[in-house]
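Coordinates in review
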Amino acid sequence: MEEIGRNIIRLESVDSTNNYTANRVRAGELRHGAVILAVEQTQGRGQMGAVWLTEPGMNLTFSVYLDNVNLSVERQFILTKIVSLSLVDFLNGRGVAAKIKWPNDIYVGKKKIAGVLIENMLKGSLIKKSIIGIGLNTNQKEFGDLSATSLRLQTGDHCSNDEALFSLIERLNKYLQRIDDSGLNREYLDHLFRMGEPASFEDDNGVFEGTIIGVDTDGKLCLDRDSSVKKYSLKEIKFIL
Ligand code: BTN
């Protein structure tokens, strides 16, 4: 895949970098690899309709536009792996022991440090274009009631948002080259939070014990539950932290 990050668009304030990117893609105004960065998002969006709130100017909030992805929808989870591994690689490189909480939340211990919102545009069963939204807590120190953390809190040092952005772009480029590499799955599992550890989860029927044993190709979480394998989609299961 062609490199990303040659064109960086910097916005002072926007509703959501994912919305902005989608609008400009629809208008035919963006080329593959554009990175759209905002100092402030007024309506930052998270997964499953949640909001993504961060203090203006403190953290990294940006989107990356990928054109000509040409990935079948059944393989869409590869993008999740690529982005999660890029974030973990970046954070581990800074001495932060980050893990991937399935599917693509990045945690340090029980605290969230980054979130990812990938939105795809399809043609038939093929992903043609993809918008990868990333929120990484860099310098925020207070998170109120949220169980969240930041690079600043983890390392004790101020983090240059530009340096972090360039470093992340480098990682994303590295992992995007491996889009067809089946070894990504093993690497993803090696960094998965609670992989192979008995833990508590919750589904519609209540809390239960299980052990994560893997993630299947369409991204479902596979658990060993009472000695049989059960598969869950994002809406069907919650982690008890
Ligand atoms: C989540 O963990 O729920 C996903 C959070 C994704 C937040 C990022 S910030 C940049 C981009 N623009 C958005 O509106 N959301 C994503």
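Preceding this paragraph is the structure being described.
Rules used throughout
- For every chain, the first residue of the written sequence is number 1, and numbering continues from 1 onward in sequence order.
- Predicted model: local features are reported for residues with pLDDT of at least 70 only, side-chain atom pairs are reported and counted for 80 or more only, and whole-chain, interface and lining totals are derived from all residues.
- Hydrogen atoms and water are omitted, and side-chain values are computed over all heavy atoms in the structure.
- What counts as a helix is a DSSP run of H or I of at least four residues, what counts as a strand is a run of E of at least two, and both are numbered from the N terminus.
- By definition here, a helix of n residues has an expected span of 1.5 Å times n minus one.
- Working definition: with a 1.4 Å probe on protein chains only, accessible area under 20% of the residue-type maximum means buried, over 50% means exposed, and in between means partly exposed.
- We call two residues contacting when some pair of their heavy atoms lies within 4.5 Å.
- Here the aromatic set is Phe, Tyr and Trp, taking the six-membered ring for Trp, and pairing holds for ring centres within 6.5 Å; pairs whose planes are under 30 degrees apart are stacked, those over 60 apart are edge-to-face, and all others are tilted.
- Remark: a charge is flagged as sitting over a ring if the NZ atom of Lys or the CZ atom of Arg is within 6 Å of the ring centre and within 35 degrees of the ring normal.
- What is meant by a nonpolar core is a set of buried Ala, Val, Leu, Ile, Met, Phe, Trp, Tyr and Cys residues, joined one to another through side-chain atoms within 4.5 Å.
- If DSSP finds at least two bridges between two strands, the strands pair.
- Between N-to-C directions, angles cover 0 to 180 degrees, with each direction set by a line fitted to C-alpha atoms, over the stretch in contact for helices.
- Under this scheme an angle from 65 to 115 degrees is roughly perpendicular, one under 35 degrees roughly parallel, and one over 145 degrees roughly antiparallel; angles in between are oblique.
- Crossing handedness is read from the near helix: turned anticlockwise from the far helix by less than a right angle, it gives a left-handed crossing, and turned clockwise, a right-handed one.
- The residue classification treats Ala, Val, Leu, Ile, Met, Phe, Trp, Tyr, Cys and Pro as nonpolar and Asp, Glu, Lys and Arg as charged. All others, Gly included, are polar.

**What to know about helix H4 (residues 161–176)**
At 3.6 residues per turn, the α-helix brings residues three or four places apart onto the same side. The end-to-end C-alpha separation of H4 is 22 Å, in line with the 22 Å expected for 16 residues at 1.5 Å each. For H4, the set of buried residues is Asn 161, Ala 164, Leu 165, Ser 167, Leu 168, Ile 169, Arg 171, Leu 172, Asn 173, Tyr 175 and Leu 176. As for H4, its buried residues are in contact with strand S1 (8–14), strand S2 (35–41), strand S3 (60–66), helix H2 (77–93), strand S8 (126–136) and helix H5 (183–190).

**With respect to the packing of aromatic side chains**
Tallied over the entire structure, the rule returns 6 aromatic pairs. Aromatic pair Phe 77 and Tyr 188: ring centres 5.6 Å apart, planes at 85°, arrangement edge-to-face. With Phe 77 in helix H2 and Tyr 188 in helix H5, this residue pair connects regions lying 111 residues apart in the sequence. Residues Phe 77 and Tyr 188 agree in their burial class; the two are buried. Taken together, the aromatic side chains of Tyr 107, Phe 193, Phe 201, Phe 208, Tyr 232 and Phe 239 make up a single cluster linked through ring pairs. A cation over a ring is seen here: Lys 101 above Phe 239, with NZ or CZ 4.8 Å from the ring centre. The residue whose ring lies beneath Arg 225 is Phe 208, and the NZ or CZ to ring-centre distance is 3.6 Å.

**A closer look at the nonpolar core**
By size, the foremost hydrophobic cluster in this structure holds 57 residues, and its most contacted members are Phe 62, Leu 87, Leu 91, Trp 102, Ile 106, Leu 136 and Tyr 188. Considering every element that reaches this core, the biggest residue donor is H2, with 10 residues. Excluding residues that lie within four positions of it along the chain, Ile 106 makes contacts with Ser 84, Leu 87, Val 88, Leu 91, Ala 98, Lys 99, Ile 100, Lys 111, Lys 112, Ile 113 and Ala 114. Core analysis: the second largest hydrophobic core is formed by 12 residues, Tyr 20, Leu 30, Ala 34 and Ile 36 among them.

**A look at the environment of Gly 57**
Within the secondary structure, Gly 57 sits in the loop between S2 and S3. Under the relative-accessibility criterion, Gly 57 is labelled partly exposed at 40%. On a C-alpha basis, the gap between Gly 57 and Ala 38 in space is 8.3 Å, while along the polypeptide they are 19 residues apart. Non-local contacts of Gly 57, meaning those with residues more than four positions away in its chain, are made with Val 39 and Asn 161.

**So, the sheet that holds strand S11 (residues 221–225)**
Read across the open sheet, the 5 strands follow the order S12-S11-S10-S9-S13; overall the sheet is antiparallel. Two strands lie at the open edges of the sheet, namely strand S12 (228–232) and strand S13 (238–239), each paired on one side alone. Pairing of strand S10 (residues 206–215) with S11 involves 4 bridges; the strand directions are antiparallel. When the bridges of S11 are listed, Gly 214 appears paired with Cys 222.

**Digging into the packing of H2 against H5**
The contact between H2 and H5 brings their axes to 10 Å, and the two run at 55°. When the axis of H2 is compared with that of H5, the two are oblique. Seen along the crossing, H2 lies across H5 with a hand that is left-handed. When H2 is examined against H5, the residues Phe 77, Ile 78, Lys 81, Ile 82, Ser 84 and Leu 85 are found in contact with a partner set consisting of Leu 184, Asn 185, Glu 187 and Tyr 188. Residues of the contact of H2 with H5, tallied by class, amount to 6 nonpolar, 2 polar and 2 charged.

In short, geometric facts, not functional conclusions.
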